[in-house]
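Below, each chain spelled out in residue letters.
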Amino acid sequence: MVNPNKTAFECAKRELMEENDVENIHLEHFGVYNKPGRDLRSWIISNAHFAIVSEHNLTYRQANVDASDVQLFSIKEVLNLDLVFDHAQLILIKRDSKGEAVILSVLGS
């Protein structure tokens, strides 16, 4: 959730740290998802961000604060996940300079 005295970007950085124990990485905003009814619990507005994290930083990842688990998935596995609401739309797949697919996992805030 976005704190009233912080930007959505600052909250995305905080969430990444709180939920995955990962910090000091490249983070970018890429979209706002606000369609009424997209989340059955309430009208939720998500500011989507993606993080570029080095493999070295992922070595030390761990579930933290309000997360019970943190995992890495292959692209094939991600495309077959049964995700809730519109979360499949919040996954961005790009190609790196070698043409290999890279999933940019999204942080909602």
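All values derive from a computational prediction rather than experimental measurement. (Residues numbered from 1 in each chain as written. Predicted model: local features only at pLDDT ≥ 70, side-chain atom pairs only at ≥ 80, totals over all residues. Heavy atoms only, no water.)

(A) Looking closely at a nonpolar patch on the surface. A grouping of V32, W43 and I45 is seen on the molecular surface, where their side chains present a nonpolar patch of about 300 Å² in accessible area. Relative to the assigned elements, W43 resides in the loop between β1 (26-33) and β2 (46-52). W43 sits in the exposed class, given a relative accessible area of 52%. (Patch = residues over 30% accessible without salt bridge, like charges linked within 9 Å, V, L, I, M, F, W, Y side chains within 5 Å. Areas by Shrake-Rupley, 256 points an atom, 1.4 Å probe, with all protein chains shown as cover. Salt bridge = Lys/Arg side-chain N within 4 Å of Asp/Glu carboxyl O. Helix = DSSP H or I, 4+ residues; strand = E, 2+ residues; numbered from the N terminus. Buried < 20%, exposed > 50% of the residue type's maximum accessible area, 1.4 Å probe, protein only.)

(B) Expanded view of the side chain of E15. Take E15: it is sitting in helix α1 (residues 8-20). Among the polar contacts listed, one links the side chain of E15 to the side chain of R14, at a separation of 3.0 Å. Discounting chain neighbours no more than four positions away, the residues touching E15 are M1, N20 and D66. (Polar contact = N/O pair within 3.5 Å; in protein donor to acceptor, adjacent residues only side chain to side chain. Contact = heavy atoms within 4.5 Å.)

(C) Representation of the environment of V22 within the structure. Looking at where V22 falls in the secondary structure, it is placed in the loop between α1 and β1. Taking the relative accessible area as the measure of exposure, V22 reaches 5% and is therefore buried. Taking the C-alpha atoms as reference points, V22 and Y60, separated by 38 residues in sequence, lie 7.7 Å from one another. Excluding anything up to four places from it in sequence, V22 contacts L16, M17, V53, N57 and R61.

(D) Spatial organisation of the side chain of D39. Here D39 lies in the loop between β1 and β2. Within polar-contact distance, the side chain of D39 engages the side chain of R41 at 2.4 Å. With residues near it in sequence (within four places) discarded, D39 still touches I44 and F85.

(E) Layout of the pattern of salt bridges. Within the structure shown, the criterion is met by four salt bridges. A salt bridge links E15 to R14; the shortest N-O distance between them is 3.0 Å. A salt bridge links R41 to D39; the nearest nitrogen and oxygen atoms lie 2.4 Å apart. Residue class for D39 comes out buried when judged on its relative accessible area of 6%. Through salt bridges with shared partners, a single ionic network connects R14, E15 and E18.

(F) Main features of the environment of N24. Mapping N24 onto the fold places it in the loop between α1 and β1. In this structure N24 comes out as exposed when scored by relative accessible area, which is 74%. When the C-alpha atoms of N24 and V53 are compared, they prove to be 8.9 Å apart, with 29 residues separating the residues in sequence.

Purely geometric numbers; function is a separate question.
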